Amino acid sequence: MNGLDAEIKKYVKRVRRRLSEKAVLQMLLFGMLAGFGAAVVISLISLFVPWYFAVQYALIAVAAGVVAGMVLGILKRPDMKQAALRLDAQGFQERLITSYELAGKEDSISIIQKRDTLARLKLVNIRKLFPLKPKGKQLAMMFGLAAVFLGLSFVPTAAKDRAQEQHAIAQQVKDEVAKVDDAIEKIEKMEELSQQEKEELLSLLQQSRKELSDVDTAEALEKAKERIAVKVDQQADQTDTRAARQELRSLADSMQGENQSASKQLAQGLQDLQKDLENMDDTTGDAEKQAIADEMQQLAEQAKQQADQTGDSNMQQAAQSMQQAAQAMRNGTLSQQQLQSAKQAIANANQSAQGSQTANNNQNGQNGQNGQNNQNGQNNQNGQNGQNNQNGQNGQNGQNGQNGQNGQNGQGGQNGQSGQASTGNGQNGNGQGGGYNTGSKDGTERTSARNGKMITIPNRQFQENGRLDGKVNDSSGSLTQRGGEAWSGTSIDYQQVIGNYSKNAYNKVEGSNYPSGVQDIVKSYFKDLNNE
Amino acid sequence: MVQNEQEMQQIIYQIQSCEEEIGKAIIGQKAIIRQMLIAILTDGNVLLEGVPGLGKTQMVKAVSKAMNLAFSRIQFTPDLMPADVTGTNLIIREENQNKFQFEPGPVFSNIVLADEINRATPKTQSALLEAMQEKTVTVGKQTYLLPKPFMVLATQNPIENEGTYPLPEAQLDRFLFKLNVRFPSKEELKEIVNLTVNREEAVMNPVMTAEDILRIRQVIYDMPIADAVMDYAMNLVYNTHPEVADAPEVTKKYVTNGASPRAAQAIIKTAKARALMENRYNVSFEDIQYVAFPVLRHRIICNFEAISDGVTPDKIIAQLLKQQQ
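Right, let's walk through the structure included here. Just so it is clear, the model here is predicted, and its values are computed rather than measured.

A word on the overall build of chain B. Across its full length, chain B carries 14 helices and 11 strands. A burial count over chain B gives 43% of its 325 residues as buried. In chain B, the share of contacts with a sequence separation of at least 24, taken over all contacts with a separation of at least 6, comes to 76%.

Residues and elements named next belong to chain A. Along its 18 residues, helix H7 (residues 136-153) runs 26 Å from first to last C-alpha, staying within 8% of the 26 Å computed at 1.5 Å per residue. Along H7, the residues that are buried comprise Met142, Leu145, Phe149 and Leu152. Take H7 and look down its axis: the buried residues cluster within an arc of 100 degrees, on one side only. Structural note: H7 exposes Gly136, Ala140, Phe143, Ala147 and Gly151 on the side pointing more than 90 degrees away from its buried face. For H7, the secondary structure elements touched by its buried residues are helix H1 (3-48) and helix H2 (54-75).

What follows concerns the interface of chain B and chain A. Each partner contributes to the interface: chain B provides 21 residues, whereas chain A provides 15 residues. Mapped onto the side of chain B that touches chain A, the elements with two or more residues apiece are helix H1 (5-25), helix H9 (227-238) and helix H12 (285-296) of chain B. If one sorts the elements of the side of chain B that touches chain A by residue count, H9 of chain B sits on top with 3 residues. For the side of chain B that touches chain A, a count of residues per class yields 12 nonpolar, 4 polar and 5 charged.

Before going further, it helps to examine the pairing of strand S7 (residues 142-145) of chain B. In summary, the side chains of a regular strand alternate between the two faces of the sheet. All names here are of chain B. Summarising the sheet, strand S6 (residues 136-139) and S7 pair through 4 bridges and their orientation is antiparallel. Looking at S7, one finds that Val139 is bridged to Gln142. Taking the residues that link successive antiparallel strands as the turn, the S6-S7 hairpin has 2 residues, and the phi of Gly140 there is positive, at about 65 degrees.

Residue and element names in this part refer to chain B. Pairing in this open sheet of 5 strands is parallel, and the strands run S2-S5-S8-S1-S9 from one edge to the other. The outermost strands of the open sheet, each flanked by one partner alone, are strand S2 (71-75) and strand S9 (177-180). In this sheet, adjacent strand axes meet at a mean angle of 20 degrees when their direction is disregarded.

Another point: the packing of H12 of chain B against helix H14 (residues 313-323) of chain B. Residue and element names in this part refer to chain B. Two numbers describe how H12 lies on H14: the axes approach to 10 Å, and their chain directions differ by 145 degrees. Once H12 is placed against H14, the crossing between them reads as right-handed. From H12, Gln289, Ala292, Phe293 and Leu296 reach across to H14, where they touch Pro313, Asp314, Ile317 and Leu321. Grouping the constituent residues of the contact of H12 with H14 by class yields 6 nonpolar, 1 polar and 1 charged.

All names here are of chain B. Counting 111 residues, the largest nonpolar core has Val46, Val63, Ile267 and Ile288 as the members making the most contacts within it. Here the element with the most residues in this core is helix H11 (residues 261-277); it accounts for 9 residues. When residues no more than four places from it in sequence are discounted, the contact partners of Ile288 are Val229, Tyr232, Ala233, Leu236, Ile267 and Ala271.

Following Lys148 of chain B, the chain continues into Pro149 of chain B via a peptide bond in cis, with omega recorded as -10 degrees. When you line up the elements, Pro149 of chain B lands in the loop between S7 and strand S8 (151-156). Even without glycine at this site, Gln93 of chain A takes up a positive phi of about 50 degrees. As for its position among the elements, Gln93 of chain A is in the loop between helix H3 (80-92) and helix H4 (95-101). You can call Gln93 of chain A buried: it has 21 C-beta atoms within 10 Å. The phi torsion at Asn279 of chain B lies on the positive side, around 65 degrees, for a residue other than glycine. With respect to the helices, strands and loops of the structure, Asn279 of chain B is situated in the loop between H11 and H12. With 13 C-beta atoms counted inside 10 Å, the residue Asn279 of chain B sits in the partly exposed group.

What follows is about the packing of H9 of chain B against H12 of chain B. All names here are of chain B. Close contact between H9 and H12 brings their axes to 9 Å; oriented N to C, the two are set at 25 degrees. Judged by the angle between their axes, H9 and H12 are roughly parallel. H9 and H12 meet at a crossing whose hand is right-handed. Contact residues: Val229, Tyr232, Ala233 and Leu236 in H9; Phe285, Ile288 and Ala292 in H12. Among the residues making up the contact of H9 with H12, the classes are represented as 7 nonpolar, no polar and no charged.

Cut-offs applied
- Residues numbered from 1 in each chain as written.
- Chains lettered and ligands numbered in written order.
- Predicted model: local features only at pLDDT ≥ 70, side-chain atom pairs only at ≥ 80, totals over all residues.
- Helix = DSSP H or I, 4+ residues; strand = E, 2+ residues; numbered from the N terminus.
- Buried ≥ 20, exposed ≤ 12 C-beta atoms within 10 Å, placed from the backbone.
- Contact = placed C-beta atoms within 7 Å.
- Expected span 1.5 Å × (residues − 1).
- Arc of directions from axis to C-beta.
- Nonpolar A, V, L, I, M, F, W, Y, C, P; charged D, E, K, R; others polar.
- Pairing = 2+ DSSP bridges.
- Axes fitted to C-alpha atoms, helices over the stretch in contact; angles between N-to-C directions.
- Left-handed = near helix turned anticlockwise from the far one by under 90°.
- Core = buried A, V, L, I, M, F, W, Y, C linked by C-beta atoms within 7 Å.
- Parallel < 35°, antiparallel > 145°, perpendicular 65-115°, else oblique.

Function-wise, these values are silent; they only describe arrangement.
In structure tokens, the structure reads:
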């Protein structure tokens with residue numbers, strides 16, 4: 001290559017470099033224009049449609065535009081021949097491309113042509129010929145779009161507020177689902193659980209997980225959490241395996257969050273401890289005993305704290321007994337008498353803890369701050385009454401004391417069942433009746449129906465709301481049929497009546513402000529009626 | 001071959017001088033003059049089309065004078081015989097012996113003006129074919145070389161069709177250029193009248209010789225052309241063919257037959273000549289665009305739809321050039 005060729009190539013390279021810079025800048029500008037355009041569109045959409053990540057997506061669009069612009073600019077860089085042709089298009093009339101292609105040719109006309117090209121190239125300022133400065137119109141458009149985007153980002157709208165709320169809910173749901181997932185993982189790894197127990201627990205947890213995943217409002221989330229907490233708590237009550245129970249309790253506590261009072265936690269802990277002590281026998285290993293001792297020690301400390309706060313001397317006493325029993329269990333010197341004493345102490349502590357909890361709830365209800373709590377408070381109080389009555393009757397019978405404990409369970413969703421269990425045991429039904437005022441009433445009606453094998457509706461009167469209108473035990477115009485009583489009117493099957501009751505009850509509680517836990521209790525009650 | 005830029009500049013100066021000299025005798029028609037010069041410098045024949053009285057004959061005379069070339073004119077008529085064009089063997093008596101002697105016809109000249117070529121019979125028109133393409137004339141068994149440079153400048157009248165024999169496509173293809181001589185503008189007409197009626201005839205000086213022309217032709221042949229420009233010209237010719245798959249819509253709609261490979265050759269060599277006349281040593285896209293019209297307009301055969309729509313070959317060429325921008 002001679003000097004002429006080298007010089008021409010140098011020019012072509014310079015032109016190419018300049019054009020490459022120009023192409024990158026130009027495409028960058030186009031990319032930014034497109035990016036800001038997309039950002040404006042996204043921002044406009046987010047004004048009307050809840051879209052939490054709108055700003056992030058808009059920024060991503062801008063960034064994508066910049067990156068795409070740069071990449072396209074780099075890809076669109078001209079090669080040497082294209083660069084030469086681009087310069088030729090500026091009035092060079094294909095001189096440069098011809099000279100570039102004549103590289104290596106030494107004939108006279110080729111040399112003359114190359115010299116002519118070089119002479120003209122020297123008169124050219126490539127920077128002026130290919131300015132890097134973008135067109136003012138395009139720049140103005142880009143800055144305009146950027147300004148519009150920024151402006152729209154700060155415009156407050158209801159959709160944006162909704163987006164914030166929805167995102168917060170989604171985040172909470174994610175957290176709660178993670179807790180459930182964690183519980184699922186732990187339950188799956190528990191070898192001490194039988195396959196059936198494991199499947200049962202996992203089914204509950206999977207169902208809870210799905211329930212959580214389906215919620216889309218804060219209210220629904222709270223209700224779902226409450227429902228799950230109650231269900232999981234109930235399941236924990238029924239679970240004999242300590243580790244699984246603890247896990248379920250832990251999940252239920254986390255679902256209840258701040259709603260879970262210290263006294264309730266203590267009550268549940270004491271209840272679990274009672275169960276552990278009942279299950280403890282000669283086959284119980286040292287490690288298990290040690291774990292129970294630790295649990296007892298921990299609960300004793302909690303009981304002591306609560307006793308200090310409330311000045312409850314019974315609780316104080318129970319805490320001391322539990323501490324002593326825990327110490328003895330650790331040392332392996334726990335006698336049968338000590339064990340019984342500890343059980344009694346735990347029962348007393350539990351009673352005190354529940355009384356404290358009831359008092360709290362009553363206070364809430366009386367203050368009228370929370371209608372639901374008020375309702376809870378009444379129920380709890382009734383439940384407590386039932387338990388107290390039961391305890392009073394059964395006196396020192398530990399087993400019955402346990403039943404009394406079950407009666408106390410009437411506070412939760414399982415109360416109905418427990419109450420029924422008490423009825424079956426031939427108790428006076430105070431526990432059940434105390435738990436649910438309507439229960440005794442309904443129970444009477446049911447008994448009548450069973451004796452007579454038939455329920456009829458006097459005069460078949462329905463209210464507008466579809467409820468039965470009639471008086472319970474009203475025998476006016478009644479007919480005796482198949483050894484039972486029958487009334488004039490159309491006979492209706494027992495299951496249908498219960499179905500109607502159930503349906504009405506379901507509709508009522510679902511349309512009410514009752515806590516979901518209470519709703520579940522009611523639903524569970526009618527479900528049991530249906531199953532009987 | 002030229003050795004340096006000075007020689008090249010001298011050639012360019014000669015061409016420009018020739019243009020100026022012809023311009024003394026011909027008012028206006030600068031594009032026609034330039035295109036005629038391009039044809040002469042690239043060894044081509046030209047078909048001039050225009051109504052009578054536009055100075056076509058005068059133009060050819062002026063070119064021959066400026067280039068100091070022998071000029072002959074043949075008025076084509078229906079009774080014109082081939083021998084009237086090429087020449088014939090005469091029986092002469094010399095030294096008491098009769099023998100044949102070839103008497104060259106008017107074709108034996110540097111520039112032959114075939115006036116109203118479409119009035120002669122195809123047989124006579126064909127007599128020019130060999131001369132135009134091979135630069136030779138065959139009479140009997142003897143072939144005679146025509147003088148160099150040699151070119152035919154034929155004229156035809158586009159408005160009188162009765163008693164004419166339109167040139168067949170094959171013969172048209174042998175003309176490098178077809179030039180449409182337009183009617184002069186009002187100012188040009190005034191100048192023409194002043195020049196021919198009121199004043200004495202302009203004195204023209206020869207500025208070029210036959211040798212110069214041959215030398216310039218060599219320079220033109222050596223003129224470099226970039227691949228991109230060559231491709232541009234080839235695409236242009238290719239796009240005139242309606243049968244190719246990716247032919248432009250205008251071609252498919254209006255063209256029956258596209259330009260021949262001879263057209264591609266003509267475009268390249270005339271574009272080179274034009275570049276030189278523009279004081280440039282390489283061919284540009286603009287040169288291609290400039291020569292595309294005279295090279296292609298008689299080689300693109302339009303269909304009936306084009307005629308009915310008033311679409312001329314020039315319009316098609318303009319459209320093709322536009323699409324290739």
